[in-house]
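Below are the chains, spelled out letter by letter.
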There are 2 protein chains.
Amino acid sequence: MPNYHTSKPKTETAIDRTVPDFPIAQVNDEDIYFNTHEAPEYLPEIESSVKDFVQFHHEQSGKPVVLVTSGGTTVPLENNTVRFIDNFSAGTRGATSAEYFLENGYAVIFLHREFSLLPYSRHYSHTTNNCFLDYMIEKHNKIEINEKYADQMLHVLRKYKAAQDSKSLLLIPFTTVNQYLYTLKSTSKLLQILEGKALFYLAAAVSDFFLPQSRMPQHKIQSQTSGKLIVDLEQVPKFLRRLVDNWAPSAMIVSFKLETDNSILIKKALGALTRYQHQLVIGNLLQTRKWEVVFIRPDGEQTWIRLNEEEQKNNVEIESLIIPGVMVEHKAWIESHKH
Amino acid sequence: MPNYHTSKPKTETAIDRTVPDFPIAQVNDEDIYFNTHEAPEYLPEIESSVKDFVQFHHEQSGKPVVLVTSGGTTVPLENNTVRFIDNFSAGTRGATSAEYFLENGYAVIFLHREFSLLPYSRHYSHTTNNCFLDYMIEKHNKIEINEKYADQMLHVLRKYKAAQDSKSLLLIPFTTVNQYLYTLKSTSKLLQILEGKALFYLAAAVSDFFLPQSRMPQHKIQSQTSGKLIVDLEQVPKFLRRLVDNWAPSAMIVSFKLETDNSILIKKALGALTRYQHQLVIGNLLQTRKWEVVFIRPDGEQTWIRLNEEEQKNNVEIESLIIPGVMVEHKAWIESHKH
């Protein structure tokens, strides 16, 4: 297996890692980041399962592979983490999208925040005051699914088992922004073999800010009698550009832009497309994200996807419209990248 | 129903709420807090179900009632919340303790962080890469529980249904520190009718810091080209003293102290007992909290509770030792508070 740790410091206990160990001419923010933050210990395991998964679909199933990222990243404020900054995200967009990709013939690597919503099981978790055991009853000394839920649950179970049996779903968890970045980097490189058939669908809510490891206190921050706590964060380097240029140069890349202020959404999306030179931004507002999104392309073209009232009433999931839209663009991308 | 909103501002849109609307002599940090932060909209609903629950156990079952708090509170950094500060807590201590209280004859109000672990269902959630559907198989067009898990799950289901059938478990969720504080205040007052038979078991990881509503930006904080983000937080007022003095003067109150630094644990626990004048602190270290805790009493007496190697190997839950220990103290408390 290739060595993905070339920019990782060799010593585990180094304190001052602000001086990068490569020629200064190549230095940029991303290099400095990976040089001053250690890879998660479990990364080689993940790399091994991603490699097997990609190889299987490359050589055997022939399916296109989409990396769906989902849920929010955390930014620990202490080394023995008690407090952290988090981004709001239950993972609904990612988990729902993953299902529609699977049903449309994709293999899915689901890179998700641990304990956020998962494809299929999402239908039965995170429901307010509804515990998993509420779906069950005892009958003749055996557990049965409550009749009220049995048919729909069997339908979901079949789809989940089909995804498993065809080896089309790989679940990979992360918690911190550091784990996310290292895993994204490794996975991207392993997807290169698929060239244009690899798709990145970056729905995770990745923190813009982080606390550098070198400035992180070892123990829980103590409250002072004086009261205040001031947290002084650095901006996370813009990894999307690195993804486009180096980690996944032949793949199609879709990113999301979530805002709460309508007036800046399109401008921010176009800014991202100019800065990162990728293929598509899906814009959405926190308040309306379940009913409308907008596809924004590098040439400035905007396509709104909206559920009408009828569809909203019938609980149609907007991802059932988003995924076919993305697939059209991905097909064209694959065609244009054939040898 | 009594009016719990006397310190709530009357107008929903007031911007400058830094001037309290009560005589200056009574002003303290807690009053200012409730005067400048609005109660959650759903609070009356919760008060109504807590009232019914308490009344049932007071007049009919005769069970003592414990309020178990569990999971971490969030501190939103924006009004339309995208980012927030969180406290690490899956809710294991609270959810596990609740089960042992139920099995030992208590009625339990489980005030928990939404989507954190719940009593009973905790055995099947938050397990890495194990989705709820993994416990199920299809057989003759019906869902069955995989044989491997069936016996144990039936055992858990029975205990869960018993708690439900005897109306002994009330689940109340919170997310933000503001929701937690308002719900704690309301619930405490409704528990007063039980006098000494009410027990507070405060296992939630409540934030020490918060961002006052008056300083909270309306929209998502935008990253600046300059990079840095500085978050300037205020200390959360010390509500435990208010709980002891005013909200629940006859109840027994147990708080938790979680540290990562062994050398300050006992000192911090004793400090809390002096400051708040309550009955018991259970101290634990993040690194060893599943195997050892220490009971610290106002007279300085310390009792360590530890799992031996055998018990650790057999996955004995330390809460099976903690709860009987707390019950001994609560029984003595009830005796000493009888008329």
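Residues numbered from 1 in each chain as written. Chains lettered and ligands numbered in written order. Predicted model: local features only at pLDDT ≥ 70, side-chain atom pairs only at ≥ 80, totals over all residues. Heavy atoms only, no water.

### Topic: the overall build of chain A
Next, step 1: Looking only at helices and strands, chain A has 9 helices and 14 strands in total.
Next, step 2: When each of the 339 residues of chain A is scored for burial, the buried share is 53%.
Next, step 3: Per element, the accessible surface of chain A, about 15,300 Å² overall, is 50% carbon and sulfur. (Helix = DSSP H or I, 4+ residues; strand = E, 2+ residues; numbered from the N terminus. Buried < 20%, exposed > 50% of the residue type's maximum accessible area, 1.4 Å probe, protein only. Areas by Shrake-Rupley, 256 points an atom, 1.4 Å probe, with all protein chains shown as cover.)

### Structural notes on the interface of chain B and chain A
Next, step 1: Facing the 71 residues of chain B at the interface are 71 residues of chain A.
Next, step 2: Summing both sides of the interface, chain B and chain A together bury roughly 6,400 Å²; the carbon and sulfur share of this comes to 58%.
Next, step 3: When the buried surface of chain B facing chain A is broken down by residue, F132(B), L133(B) and I143(B) rank first, second and third, together holding 10% of it.
Next, step 4: Our count for the contact surface shared by chain B and chain A stands at 6 salt bridges.
Next, step 5: In this structure, E144(B) and K142(A) form a salt bridge, with 3.6 Å as the shortest nitrogen-oxygen distance.
Next, step 6: Where the side of chain B that touches chain A is concerned, the elements lending two or more residues are strand 3 (83–87), strand 5 (136–139), strand 6 (142–145), helix 4 (147–165), strand 7 (169–174), strand 10 (229–235) and strand 11 (252–259) of chain B.
Next, step 7: For strand 10 (residues 229–235) of chain A and strand 10 of chain B, the ladder comprises 5 bridges, and the chain directions are antiparallel. By the bridge assignment, I230(A) is partnered in strand 10 of chain B with D232(B). (Contact = heavy atoms within 4.5 Å. Buried area = accessible area lost by both parts, 1.4 Å probe. Salt bridge = Lys/Arg side-chain N within 4 Å of Asp/Glu carboxyl O. Pairing = 2+ DSSP bridges.)

### Notes on the confidence of the model for chain A
Next, step 1: Of the residues in chain A, 88% have a pLDDT of 70 or more, and the chain-wide mean is 86.
Next, step 2: Across residues 1–26 of chain A the pLDDT falls below 50, and counting only partners more than four positions away or on other chains, this stretch makes 42 contacts in the model. (pLDDT = per-residue confidence, 0-100.)

### Considerations on the pairing of strand 4 (residues 107–113) of chain B
All names here are of chain B.
Next, step 1: For strand 4, the tally of buried residues reaches 7 of 7 residues, placing the bulk of the element in the interior.
Next, step 2: Here strand 1 (residues 65–70) pairs with strand 4 via 6 bridges, running parallel. Residue pairing across strands places T69 opposite L111, the latter belonging to strand 4.
Next, step 3: Bridge count between strand 4 and strand 7: 6 bridges; the pairing is parallel. Of the residues in strand 7, the one forming a bridge with H112 is P173.

### Digging into the relation of the copies chain B and chain A
Next, step 1: The transform that puts chain B on chain A rotates by 180° and translates by 0.0 Å along the axis, for an RMSD of 0.0 Å. Given the turn and translation reported, the copies of this chain are related as if by a two-fold rotation axis. Closest to the rotation axis within chain B is the C-alpha of I85(B), separated from it by 2.1 Å.
Next, step 2: Looking at chain B, 100% of its interface residues are interface residues in chain A too, so the copies touch through the same face. (Least-squares fit on C-alpha atoms with pLDDT ≥ 70 in both.)

### A closer look at helix 7 (residues 265–276) of chain A
Residues and elements named next belong to chain A.
Next, step 1: Here helix 7 spans 17 Å end to end across 12 residues, near enough to the 16 Å set by a 1.5 Å rise per residue.
Next, step 2: Every buried residue of helix 7 is listed here: L265, A269, A272, L273 and Y276. For helix 7, the angular spread of buried residues about the axis comes to 95°, placing them on one side. Opposite its buried face, helix 7 presents the exposed residues K267 and T274, each directed more than 90 degrees away.
Next, step 3: Buried residues in helix 7 make contact with helix 6 (239–247), strand 11 (252–259), strand 12 (280–285) and strand 13 (292–296).
Next, step 4: Just past helix 7, the residue Q277 takes up positive phi, approximately 60°. (Expected span 1.5 Å × (residues − 1). Arc of directions from axis to C-beta.)

### Some points on helix 4 of chain B
Because each turn of an α-helix spans 3.6 residues, side chains separated by three or four positions end up pointing in the same direction.
Next, step 1: The end-to-end C-alpha distance of helix 4 of chain B is 27 Å, a good match for the 27 Å that 19 residues give at a rise of 1.5 Å each.
Next, step 2: The largest bend along helix 4 of chain B reaches roughly 30° and is located at M153(B).
Next, step 3: Where helix 4 of chain B is buried, its residues meet strand 5 (136–139) and strand 6 (142–145) of chain A together with helix 3 (92–103), strand 6 and strand 7 of chain B.
Next, step 4: Directly beyond the C-terminal end of helix 4 of chain B, a positive phi value near 50° is found at K167(B). (Bend = angle between axes of the 7 residues up to and from the residue.)

### Structural notes on the packing of helix 5 (residues 177–191) of chain A against helix 6 of chain A
Residue and element names in this part refer to chain A.
Next, step 1: For the pair helix 5 and helix 6, interaxial distance at closest approach is 10 Å and the crossing angle is 20°. What the angle tells us is that helix 5 and helix 6 run roughly parallel. Judged by the sense of rotation from one axis to the other, the crossing of helix 5 with helix 6 is right-handed. Contacts from L181, L184, K185, S188 and K189 of helix 5 reach helix 6 at F239, L243 and W247.
Next, step 2: Residue classes in the contact of helix 5 with helix 6 are distributed as 5 nonpolar, 1 polar and 2 charged. (Axes fitted to C-alpha atoms, helices over the stretch in contact; angles between N-to-C directions. Parallel < 35°, antiparallel > 145°, perpendicular 65-115°, else oblique. Left-handed = near helix turned anticlockwise from the far one by under 90°. Nonpolar A, V, L, I, M, F, W, Y, C, P; charged D, E, K, R; others polar.)

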